[in-house]
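The chain contents come next:
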Amino acid sequence: MKKLLTLVFALSLIFSLACVAENGGIPEGKTVDGVSSASTVYYFDGISGDELMDAINSYSGFYAVASVNADGTPNIGYFVYAMVKIENEYYLQLGLSPNQTTLNIDNGSSLMAMYGMSPEKYPYASSGARMYLEKVEDEETLSALSAFSPAGYQPLYYRVTAVVPMG
């Protein structure tokens, strides 16, 4: 009887591990939204609008862009980027050399950017923003944004769809 129980337990453990390996541990039919559910309480000050644009364009602080690899794992890279405002919309100008992030973009990954202001009160960034991004594909908008690009430079442009405090 003990051998039978041990065998049943071992088979159920193997089956459970196989299910986790097959779908990354996410129950079938469910999705994980790590972007909006990652932080619901903010411990740092947030900035937005023109204040955020001016801070980003000062080229001081901490910059990061997050994407998702093809296997579902996170990818985060350090990039210095610029922000442009046209009418009441803000756009990030990303100049990326071919790397894992650009591969993720080509594969349709969403992007999120984080900017942390240079320290003022503390020895670490205590104010900043996380920006939800949407790739600009409209030719008219891209044409208007290209006026902000240095000659011969072809950055990627992303519209900032939402801004939340950095963490």
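Throughout what follows, the structure given in this document is the object of discussion. (Residues numbered from 1 in each chain as written. Predicted model: local features only at pLDDT ≥ 70, side-chain atom pairs only at ≥ 80, totals over all residues. Heavy atoms only, no water.)

With respect to the helices, strands and loops of the structure, Tyr132 is situated in strand β7 (residues 127-135). In this structure Tyr132 comes out as partly exposed when scored by relative accessible area, which is 23%. In this structure the C-alpha to C-alpha distance between Tyr132 and Ala162, which are 30 residues apart in sequence, comes to 5.2 Å. (Helix = DSSP H or I, 4+ residues; strand = E, 2+ residues; numbered from the N terminus. Buried < 20%, exposed > 50% of the residue type's maximum accessible area, 1.4 Å probe, protein only.)

Oppositely charged side chains may form a pair once their charged atoms are brought near each other. In the structure shown here, the tally under the stated rule is three salt bridges. In this structure, the salt-bridge partner of Lys85 is Asp50, at a minimum N-O distance of 3.1 Å. Pair noted here: Lys85 is in strand β4 (residues 82-86) and Asp50 is in helix α3 (residues 49-56), with a separation of 35 residues, a long-range link. Look at Lys85 and you get partly exposed, because its relative accessible area is 30%. The partner of Glu134 in a salt bridge is Arg159, and the shortest N-O contact between them spans 3.2 Å. Of this pair, Glu134 sits in strand β7 while Arg159 sits in strand β8 (residues 156-165); the two residues are 25 residues apart in sequence, bridging distant segments of the chain. Relative accessible area serves as the criterion here: at 41%, Glu134 is assigned to the partly exposed category. Among the residues examined, Arg159 registers a relative accessible area of 25% and is labelled partly exposed. (Salt bridge = Lys/Arg side-chain N within 4 Å of Asp/Glu carboxyl O.)

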